[in-house]
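Here are the chains, one letter per residue:
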Amino acid sequence: QVQLVESGGGLVQPGGSLRLSCAASGTIFRISAMGWYRQGLEKQRELVATITSGGNTKYTDSVKGRFTISRDNAKITVYLQINSLKPKDTAVYYCNARIKTTSVRPASNYWGQGTQVTVSS
């Protein structure tokens, strides 16, 4: 079994910052890409940022320059530093990871339960 557990969400004023964390645990042979997605009310889930095992990052255009994704492979944790928050950033943020649980089984996508980020004055 693999679990991804997010933390760090909350209510913040416009212009504020938050740091989201997502820790993976369980039977893990290898983790390749990890990422963050978000889903606003009555909106589709969208990709926010991804990071490879080697540290290469990609961001959706709307968050470039404000969000920073990073990972600690030793702690099997991915982070999302979010700065200059805007009301349109309000959403449930989900962690995603592509994980092989054994050397022979193909990798699968795993999701966390989500953490709410609300930007409001």
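Definitions and cut-offs
Residues numbered from 1 in each chain as written. Predicted model: local features only at pLDDT ≥ 70, side-chain atom pairs only at ≥ 80, totals over all residues. Heavy atoms only, no water. Helix = DSSP H or I, 4+ residues; strand = E, 2+ residues; numbered from the N terminus. Buried < 20%, exposed > 50% of the residue type's maximum accessible area, 1.4 Å probe, protein only. Polar contact = N/O pair within 3.5 Å; in protein donor to acceptor, adjacent residues only side chain to side chain. Contact = heavy atoms within 4.5 Å. Pairing = 2+ DSSP bridges. Axes fitted to C-alpha atoms, helices over the stretch in contact; angles between N-to-C directions. Phe/Tyr/Trp six-rings, centres within 6.5 Å; stacked < 30°, edge-to-face > 60°. Lys NZ or Arg CZ within 6 Å of the ring centre and 35° of its normal.

The topology assignment puts R66 in the loop between strand 6 (57–59) and strand 7 (67–72). In this structure R66 comes out as buried when scored by relative accessible area, which is 8%. Within polar-contact distance, the side chain of R66 engages the side chain of D89 at 2.7 Å. Those residues in contact with R66, other than ones at most four positions away along the chain, are Q81, I82, N83, S84, L85, K86 and D89.

In sheet architecture, strand pairing relies on hydrogen bonds along the backbone and comes in two forms, parallel and antiparallel. Read from one edge of the open sheet, four strands run 1-3-8-7, paired in antiparallel fashion. At either margin of the open sheet sits one strand with a lone partner, and together these are strand 1 (2–7) and strand 7. The average undirected angle you get between the axes of adjacent strands in this sheet is 15°. Where strand 7 lies against strand 8 (residues 77–82), six bridges are found, and the strand directions are antiparallel. In the sheet register, R71 faces strand 8, and the bridge partner there is V78.

For the rest of this paragraph, the subject is the packing of aromatic side chains. Overall, the coordinates contain one aromatic pair when judged by the stated rule. Seen in terms of ring centroids, Y37 and W111 are 4.9 Å apart; in terms of plane orientation they differ by 65°. Their pairing is edge-to-face. Taken together, the residues Y37 in strand 4 (residues 30–39) and W111 in strand 10 (residues 108–111) connect sequence positions 74 residues apart. Above the plane of the ring of Y79 lies R19, whose end atom (NZ or CZ) is 4.0 Å from the centre. The ring of W111 carries the charged tip of R45 above its face, separated from the ring centre by 4.7 Å.

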